[in-house]
Amino acid sequence: MNFNRIVCFDLEMCCWNDGRESRTGEIIEIGVAELDLSSGEIVRRAQHFVLPEHDEISPFCTELTGIKPEVVAKNGKPLATILKSVEQKFGGRHKIYAAWGRDDLILRQECEEKGLNVPFHEYINLATMFRLQRHVTNRRCGQRAAMKMAGLEWEGRQHSGYDDAYNLARLARTMFLPELNQSANK
């Protein structure tokens, strides 16, 4: 296990606002950003579009995430292919993976439904870790509010897996390497 690296990831899923039963749709994007805890640098990033097998990308989903159905149709790959790529490029089971909240459960459920292996063993819920810090008074804050509390400006588009994962790696740096917090704000 490589304890010098944390692979932050974010999932974007199909979503609707047309009266359907509230549930999580299939994953359509996985954003990944790897934080080197030795140097404090974000050393690698990736954006993967996932072809949904059963759901469609609604106009509401496109408005929320910026993900267009035609982009996923052109650039997307099956979840199995994406997970294999993430495992090969980011170290899979040899690294610690982290997300804001319970993206691990969403990924595990979809993997189980599709007969796939989850690409990691070790998982950290950074939302819980952030909220356990002494200086955090609002225990119900989201990632963007947490970044503001940590003195970080949001970069990119919220609800873009690519940008969300990058911002999460920046936030993780302040939690695991507080002495680098000043350079993280550059």
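Structure: see above.
In what follows, the accompanying structure is described. (Residues numbered from 1 in each chain as written. Predicted model: local features only at pLDDT ≥ 70, side-chain atom pairs only at ≥ 80, totals over all residues. Heavy atoms only, no water.)

### Thoughts on the overall build of the chain
Helix and strand counts for the chain come out as eight helices and five strands. Its helices and strands in sequence order give the chain the pattern β-β-β-α-α-α-β-α-β-α-α-α-α, from N to C terminus. Against the 2.2 N^0.38 benchmark of 16 Å for 186 residues, the chain shows a C-alpha radius of gyration of 16 Å, consistent with a compact globule. Dimensions along the principal axes, computed over C-alpha positions, put the chain at roughly 45 × 35 × 25 Å. (Helix = DSSP H or I, 4+ residues; strand = E, 2+ residues; numbered from the N terminus. Rg over C-alpha atoms; globule rule 2.2 N^0.38 Å.)

### Some remarks on the sheet that holds strand S4 (residues 95-99)
Across the sheet, five strands lie side by side as S3-S2-S1-S4-S5; this open sheet has mixed pairing. The sheet is open, and its two borders are formed by strand S3 (42-49) and strand S5 (122-125), each paired with just one other strand. Ignoring which end each strand starts from, the neighbouring axes of this sheet average 25° apart. Sheet contacts for helix H3 (residues 79-90): strand S1 (2-13), strand S2 (27-36), S3 and S4; angle to S3, the most-contacted strand, approximately 170°. (Pairing = 2+ DSSP bridges. Axes fitted to C-alpha atoms, helices over the stretch in contact; angles between N-to-C directions. Contact = heavy atoms within 4.5 Å.)

### Considerations on the packing of aromatic side chains
Within this structure, the stated rule accounts for six aromatic pairs. With centroids separated by 6.2 Å and ring planes inclined at 55°, the aromatic side chains of Trp100 and Phe130 adopt a geometry described as tilted. Within this pair, whereas Trp100 is found in the loop between S4 and helix H4 (103-114), its partner Phe130 is found in helix H5 (residues 126-131), the two being separated by 30 residues in sequence. Residue Trp100 shares its accessibility class with Phe130, and that shared class is buried. Among the aromatic residues, those joined into a ring-pair cluster are Phe9, Tyr97, Phe120 and Tyr123. (Phe/Tyr/Trp six-rings, centres within 6.5 Å; stacked < 30°, edge-to-face > 60°. Buried < 20%, exposed > 50% of the residue type's maximum accessible area, 1.4 Å probe, protein only.)

### Describing the pattern of salt bridges
Applying the stated criterion across every chain yields a total of eleven salt bridges. The partner of Lys114 in a salt bridge is Glu53, with the nearest N and O atoms 4.0 Å apart. Here Lys114 is found in helix H4, whereas its partner Glu53 is found in the loop between S3 and helix H1 (59-65), with 61 residues between them in sequence. Residues Lys114 and Glu110 are paired through a salt bridge, measuring 2.8 Å at the closest nitrogen-oxygen approach. In this pair, Lys114 and Glu110 are both assigned in helix H4, four residues apart and thus about one turn of the helix distant. (Salt bridge = Lys/Arg side-chain N within 4 Å of Asp/Glu carboxyl O.)

### Comments concerning empty space enclosed by the protein
This structure, assessed with the given rule, holds one cavity of 30 Å³ or more. Size it by volume and the largest cavity reaches roughly 60 Å³. When grouped by side-chain class, the residues that make up the lining of the largest cavity number ten nonpolar, no polar and no charged. (1 Å grid on protein atoms, 1.4 Å probe; cavity = no way out; pocket = protein on both sides within 12 Å on 5 of 7 lines; lining within 4 Å. Points joined across faces, edges and corners; volume = space filled by probe spheres on them. Nonpolar A, V, L, I, M, F, W, Y, C, P; charged D, E, K, R; others polar.)

### Here we look at unusual backbone geometry
One non-glycine residue, His159, adopts positive backbone phi at about 75°. Along the chain, His159 turns up in the loop between helix H6 (143-149) and helix H7 (161-176).

### A short note on the pairing of S3
Strand direction decides the pairing type here: S2 and S3, joined by seven bridges, are antiparallel. Each bridged residue has a counterpart across the sheet, and for Gly31 the counterpart in S3 is Gln47. Hairpin remark: S2 followed by S3, antiparallel, with five residues in the connecting loop; positive phi at Gly40, about 80°.

### Details of the layout of surface pockets
The volume enclosed by the largest pocket comes to roughly 370 Å³. Around the largest pocket, the lining is made up of 21 residues, and of these Asp10, Leu11, Glu12, Met13 and His159 lie nearest the centre. Counting residues per element, the ones that place at least two in the lining of the largest pocket are S1, H1, H4 and H6. For the lining of the largest pocket, the class distribution of residues is eight nonpolar, seven polar and six charged. As a volume, the second largest pocket reaches approximately 220 Å³. As for the second largest pocket, its lining consists of twelve residues, and the residues nearest its centre are Thr24, Gly25, Gln109, Glu110 and Glu113. Each residue belonging to the lining of the second largest pocket can be placed in one class, and the counts come to two nonpolar, four polar and six charged.

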